[in-house]
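Take a look at the letters that make up each chain.
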Amino acid sequence: MFRRLLSSSTSLFPLRFPNPLSYPCPKNIFLPNISYAPLRLSSPMSQMSRPPSVPIPSVDKADRAELVRALETSLGSAFSSEPITPSPGPLIVVISGPSGVGKDAVIKRLREVRQNLHFVVTATSRARRPGEVDGEDYYFVSKEEFLRMVQNDELLEYALVYGEYKGIPRRQVREYMARGCDVVLRVDIQGARTLRRILGNSAVFVFVMAESEAAMVERLVERRTESREELLVRIATAREEVTHVRNFDYVVVNRDGELERAVRLVEAIIDAEKAKVRQRGAVI
Ligand SMILES: Nc1ncnc2c1ncn2[C@@H]1O[C@H](COP(=O)(O)OP(=O)(O)OP(=O)(O)O)[C@@H](O)[C@H]1O
């Protein structure tokens, strides 16, 4: 029986799921050059001697190409068109925050506006909410299937949240990063803590919060997906979870009616990370 379970689980994406690798991460794929070739610079100035036979034409009068050629000759080598710094590598963005702050709403919009980004589809044993699509929002699996994935080490991280399992398929992260895509992981606070332990500073951790406790409760109530008992637990937990913000790299306040602003801030964070001199360089 155990052998049969093992052999039927060699694929990360069981047959009944749409394989997320079959849909592209970017709208227009841009594969960065991640071969960090050493910079090709001309020889040091000290080693160069300007050949006296190459006069540099006057800047006002000379043809542009002629002037550039003369400068190259004078400096002893052609000007390279290679990028001066290596292209940034793929980034892992961990998005977390208390229940009801709008993590899903932010990510949904981010996926619409941002290219070269793959949202890692989490496996969960919880029931599907109205409007959610299997394989797109989550992989909805039974508890038994989930535990089989755990047993086969298919999950980068997993947790039991409000009595339901949630976990991140490891292979999906690897494969999209290998394609040069940035990947977004959506986890609860507990999951973010585990991921920080696993990934350290190699991923960027973003904490989403509402502008106030009242706004957060309002959204949860408005969503009408939780029972009274569940609401009590979620709100009590959220109060404690807000204190975990200090373990994150960035905080994004998702104000009521200002989802676009929150999404723009997440985009700005990703852009800033791409411009960092020392890249995080995550390896899964
Ligand atoms: N900026 C916003 N203004 C108004 N409503 C919002 C905003 N952001 C999200 N919402 C709404 O708030 C509700 C909760 O959002 P969402 O489901 O994205 O939260 P979540 O953080 O993913 O919650 P959970 O962790 O419980 O899944 C949803 O009905 C969503 O449409």
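Scroll up to find the structure this text is about.
As the structure is a prediction and not an experimental result, all values here were calculated from the model.

## Quick word on the sheet that holds strand β1 (residues 92–96)
Part 1 of the argument: Overall, parallel pairing links the five strands, which are arranged β2-β7-β1-β8-β9 in an open sheet. The open sheet has two free edges, formed respectively by β2 (117–119) and β9 (250–253), since each of these has just one partner strand. The sheet shows a mean angle of 25° between the axes of neighbouring strands, direction not considered.

## A few points about the packing of aromatic side chains
Remark: the centre distance and the inter-plane angle together describe each pair of aromatic rings, the angle taken between the planes.
Part 1 of the argument: All told, the structure shown has five aromatic pairs when counted by the stated rule.
Part 2 of the argument: Here the aromatic rings of F146 and Y165 are separated by 5.0 Å at their centres, their planes lie at 20°, and the arrangement is stacked. Of this pair, F146 sits in helix α4 (residues 143–151) while Y165 sits in strand β6 (residues 164–169), and the two are 19 residues apart along the sequence.
Part 3 of the argument: Cation over ring: R126 sits above Y138, and NZ or CZ is 4.7 Å from the ring centre.
Part 4 of the argument: Here the basic side chain of R179 rests over the ring of Y176, its NZ or CZ set 4.8 Å away from the ring centre.

## Examining unusual backbone geometry
Peptide bonds are trans in most cases, and residues, glycine excluded, mostly fall at negative phi.
Part 1 of the argument: The phi angle at N116 is positive, at roughly 60°, despite the residue not being glycine.
Part 2 of the argument: If you check the backbone angles, R224 has positive phi at about 55° while not being a glycine.

## Side note on the site of the ligand
Part 1 of the argument: As a structural note, the neighbourhood of the ligand is formed by 19 residues, with S99, R186, R223, R234 and N254 the closest of them.
Part 2 of the argument: Within the backbone of V101, one N or O atom sits 3.3 Å away from an oxygen atom of the ligand.
Part 3 of the argument: Taking A105, its main chain carries an N or O atom lying 2.9 Å from an oxygen atom of the ligand.
Part 4 of the argument: Protein chains bury 79% of the 640 Å² of accessible surface belonging to the ligand in isolation.
Part 5 of the argument: A molecule is said to occupy a pocket when more than half its atoms come within 2 Å of that pocket's grid points, and by this definition the ligand occupies the largest pocket.
Part 6 of the argument: It is helix α3 (residues 103–113) that provides the largest number of residues to the shell around the ligand, a total of three residues.

## Quick notes on the pattern of salt bridges
Part 1 of the argument: The tally for this structure, following the rule as stated, stands at 21 salt bridges.
Part 2 of the argument: For E211, the salt bridge identified is with R219, shortest N-O distance 3.1 Å.
Part 3 of the argument: The exposure class of R219 is buried, given its relative accessible area of 18%.
Part 4 of the argument: Ionic pairing is found between R280 and D249, a salt bridge with its closest N-O pair at 4.0 Å.

## What about the nonpolar core?
Part 1 of the argument: Counting residues in each nonpolar core, the largest one holds 23 residues, and the members touching the most others are V93, I95, V184 and V266.
Part 2 of the argument: Sorting the residues of this core by element identifies β1, α3, β2, β8 (204–209), α7 (213–223) and α9 (259–274) as the ones contributing at least two each.
Part 3 of the argument: Counting residues per element, this core draws most heavily on α9, at five residues.
Part 4 of the argument: Look past the residues within four positions of V93 in its chain and what remains in contact with it is V183, V184, L185, V204, V206 and I270.
Part 5 of the argument: Within the second largest apolar cluster, 22 residues are counted, among which are I92, Y176, C181 and F205.

Basis of the calculations
- Numbering of residues begins from 1 in every chain and follows the order in which that chain's sequence is written.
- For this predicted model, a pLDDT threshold of at least 70 governs which residues receive local features, and a threshold of 80 or more governs which side-chain atom pairs are given and counted, while totals over whole chains, interfaces and linings are taken from all residues.
- In computing side-chain values, all of the structure's heavy atoms are included and hydrogens and water are not.
- Here, a strand pair is defined by DSSP locating no fewer than two bridges between the strands.
- Numbering of helices and strands starts at the N terminus; helices are DSSP runs of H or I of at least 4 residues and strands are runs of E of at least 2.
- Every axis corresponds to a line fitted to the C-alpha atoms, with the helix fit spanning only the stretch in contact, and the corresponding angles, defined between N-to-C directions, vary from 0 to 180 degrees.
- Any Phe, Tyr or Trp ring, taking Trp's six-membered ring, that has another such ring centre within 6.5 Å forms a pair; planes under 30 degrees apart are called stacked, those over 60 apart edge-to-face, and the others tilted.
- Only when the NZ of Lys or the CZ of Arg is both within 6 Å of the ring centre and within 35 degrees of the ring normal is a charge said to sit over the ring.
- What makes a residue near a molecule or strand is one non-hydrogen atom of that residue sitting within 4 Å of it.
- Any N or O atom pair separated by 3.5 Å or less is treated as a polar contact, with the protein-specific requirement of one donor-capable and one acceptor-capable atom, and with residues adjacent in sequence counted only for side-chain atom pairs.
- Only the protein chains shown count as cover for residues, with accessible areas throughout obtained via the Shrake-Rupley method and a probe of 1.4 Å.
- Only protein atoms enter the 1 Å grid, on which a cavity is a set of points fitting a 1.4 Å probe that cannot get out and a pocket is an open set with protein on both sides within 12 Å along at least 5 of 7 lines, lining residues being those with an atom within 4 Å of a point.
- More than half of a molecule's atoms within 2 Å of the grid points is what it takes for that molecule to sit in a cavity or pocket.
- The rule for a salt bridge is simple: a side-chain nitrogen of Lys or Arg has to be within 4 Å of a carboxyl oxygen of Asp or Glu.
- Partly exposed residues are those whose accessible area sits between 20% and 50% of the maximum for their type, while under 20% is buried and over 50% is exposed, using a 1.4 Å probe and protein chains only.
- Buried Ala, Val, Leu, Ile, Met, Phe, Trp, Tyr and Cys residues that are joined via side-chain atoms within 4.5 Å together make up what is termed a nonpolar core.
- Two residues form a contact once any of their heavy atoms are found within 4.5 Å.

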